[in-house]
Amino acid sequence: MAENELYIGLISGTSVDGVDSVLVNFQQDTPELIASHSHPIGDPLRENILALCVGEDIRLSEFGQTHIELGKIFAEAANAVLNKAGVESNAVTAIGSHGQTVWHEPNAGNPFSLQLADANTIAQRTGITTVADMRGRDISAGGQGAPLAPLLHQHIFASSSENRAIINIGGISNVTCLRQGAKPIAFDAGPGNVLMDFWINKHQQKKYDEGGGWASSGTVHNELLQLCRNEPYFSKALPKSSGRELFNGSWLENKLAQCQGAIQPQDVQATMLQLTVDTIVDALDPHCQSLFICGGGAHNRALMQGLAQARPNCTVASTLTLGVDPDWVEAIAFAWIARETCAGRKIDTSGFTGTSAAVMLGGIYRA
Ligand SMILES: Nc1ncnc2c1ncn2[C@@H]1O[C@H](COP(=O)(O)OP(=O)(O)O)[C@@H](O)[C@H]1O
Ligand SMILES: [Mg+2]
């Protein structure tokens, strides 16, 4: 029997709700999740990150220090998952660190996607070889740099008996269409939780709307929904990817300002939930038979119900049904990319990010 193939995956997503850290064994076809850990990102670091994400001015000194501070936190997250599993660092082949996106501009004259969390610091503080900056390499090969989690989706969730969609509902949502006999397609559909999180935080100082309960107490406001759906991003051709640079609190406030009359806060919440549902459903392949949800949105019951109502002929479930906990799919994806990169294998991201040829994802920082 082959040796264990242990990798760690690390990511802090658009929601900035903590660093997801997983220890995975890739010895079998389906990755075995050995341990998982969510590492907190405290204030004021979180506030700094959120300010960066909407383009606020920052001194280079503060920027550099945020990069290193995040590197330390990512290293702690890796060490914590090892601790939980009772596994020594020298048993792990590599860490795949996504880092924290603070700016994503894949369509700029000089396109880039910037993730913070210094990989030197991670390698140094864990003693484990670290693969990082996956998005940057994809962009240098003509891709959007995102979404990348679909690489794992196609690898472990594709079925020979049904057409599936894997939908990752984080701050931003991305949809992976796995249609039998066709090339997988994936892209960012639009806002996942980011606008709902913004709105409930503004009105109730909560980080998110537990189970979508507040949204369920409101009524969808059709004028606001239509204004939001008119956003050019939704009708943009593929490949496409997005982030907080576009979908943020100001984006929503701007749409609200265009509406006639006042809208009850819970109705705005209901409308943002419906926007997430509608833009996901619009992104689906019409032949899709089953939707499997991952990311924090899988815990939003009202959102799950909204998707089931919008696609009554589809099965709607979380990826747990396929054997993978929805909270850890994305971190597992970055562990998997690290494995491919360490093995010297290029990955074909063309159907997702729009690269023209297979690409080696990420730089390697040796232990
Ligand atoms: N119990 C829950 N009820 C409603 N929403 C939830 C729940 N748990 C998590 N979420 C949502 O999921 C988000 C985090 O999802 P995650 O997949 O980590 O996103 P990201 O990749 O952007 O960090 C939270 O900000 C919240 O909006
Ligand atoms: Mg998260």
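Quick caveat, the model's predicted, so the values are computed rather than measured. (Residues numbered from 1 in each chain as written. Chains lettered and ligands numbered in written order. Predicted model: local features only at pLDDT ≥ 70, side-chain atom pairs only at ≥ 80, totals over all residues. Heavy atoms only, no water.)

## Points about the packing of helix α8 (residues 222-229) against helix α9 (residues 249-257)
Counted only if it meets this: Helix axes are fitted only over the stretch in contact, all axes being lines through C-alpha atoms; the angle between N-to-C directions runs from 0 to 180 degrees. Helical segments are the DSSP runs of H or I of at least four residues, strand segments are the runs of E of at least two, and each set is numbered from the N terminus. Roughly parallel means an angle under 35 degrees; roughly antiparallel, over 145; roughly perpendicular, 65 to 115; everything else is oblique. Should the near helix be turned anticlockwise from the far one by less than a right angle, the crossing is left-handed, and should it be turned clockwise, the crossing is right-handed. Note on contacts: a residue pair is in contact if any heavy atoms of the two residues lie within 4.5 Å. Amino acids outside the nonpolar list (Ala, Val, Leu, Ile, Met, Phe, Trp, Tyr, Cys, Pro) and the charged list (Asp, Glu, Lys, Arg) are all regarded as polar, and Gly is one of them.
Packing of α8 against α9 brings their axes to within 9 Å, and their N-to-C directions diverge by 125°. In terms of their interaxial angle, α8 and α9 are classed as oblique. Crossing of α8 over α9 shows right-handed handedness. Residues Leu-224, Leu-227 and Cys-228 of α8 touch α9, and the partners they reach there are Trp-251, Lys-255 and Leu-256. Residues of the contact of α8 with α9, tallied by class, amount to 5 nonpolar, no polar and 1 charged.

## A few points about the site of ligand 1
Convention followed: One heavy atom within 4 Å of a molecule or strand makes the whole residue count as near it. Side-chain atoms alone can form a polar contact between residues adjacent in sequence; in general such a contact is a pair of N or O atoms within 3.5 Å, and within protein one must be able to donate a hydrogen while the other accepts it. Every accessible area reported is derived by Shrake-Rupley at a probe size of 1.4 Å, with residue values counting cover from the shown protein chains alone. Boundaries between domains were set according to an automatic or database domain assignment.
Neighbouring ligand 1 are 18 residues, the closest being Ser-15, Gly-171, Asp-197, Gly-211 and Gly-296. A distance of 2.8 Å separates an oxygen atom of ligand 1 from a polar backbone atom of Gly-296. The fraction of the free accessible surface of ligand 1 (570 Å²) that becomes covered by protein chains is 89%. Across the shell around ligand 1, the residue classes break down as 1 nonpolar, 12 polar and 5 charged. Composition of the shell around ligand 1 by domain shows at least three residues from each of domain 1 (6-143 + 329-365) and domain 2 (150-322).

## A few points about the sheet that holds strand β7 (residues 164-169)
Here is the rule we go by: Whether two strands pair comes down to DSSP finding at least two bridges between them.
The mixed open sheet is built from 5 strands, whose spatial order is β9-β8-β7-β10-β11. At either end of the open sheet lies a strand with only one pairing partner, and these are β9 (185-191) and β11 (315-318). On average, adjacent strands in this sheet sit at an angle of 20° to one another, irrespective of strand direction. As judged from the 4 bridges shared by strand β10 (residues 290-294) and β11, these two strands associate in the parallel manner. When the sheet's bridge partners are listed, Ser-290 is paired in β11 with Thr-315. Relative to the sheet, helix α11 (residues 301-310) contacts β7, β10 and β11, its axis offset from that of β11 by approximately 160°.

## Regarding the environment of Glu-223
Our working definition: Categorising residues by exposure relies on relative accessible area from a 1.4 Å probe, with only protein chains included: less than 20% of the type maximum marks a residue as buried, more than 50% marks it as exposed, and the intermediate range marks it as partly exposed.
Mapped onto the elements of the fold, Glu-223 is located in helix α8. Owing to a relative accessible area of 31%, Glu-223 belongs among the partly exposed residues under this scheme. Along the sequence, Glu-223 and Asn-79 sit 144 residues apart, while their C-alpha atoms lie 49 Å from each other. Once you skip the residues sitting within four places of it in the chain, Glu-223 turns out to touch Gln-258, Cys-259 and Gln-260.

## Describing the nonpolar core
One recurring pattern in soluble globular proteins is that nonpolar side chains are buried together. Our working definition: In these notes, a set of buried Ala, Val, Leu, Ile, Met, Phe, Trp, Tyr and Cys residues joined through side-chain atoms within 4.5 Å is what counts as a nonpolar core.
Membership of the largest hydrophobic core comes to 45 residues, with the highest contact counts inside it found for Ile-167 and Met-272. If one sorts the elements of this core by residue count, helix α10 (residues 265-283) sits on top with 8 residues. With sequence-adjacent residues up to four places away left out, Met-272 is seen in contact with Leu-195, Met-196, Leu-224, Cys-228 and Leu-252. Formed by 35 residues, the second largest nonpolar core is a distinct cluster that contains Tyr-7, Ala-186, Ile-332 and Phe-334.

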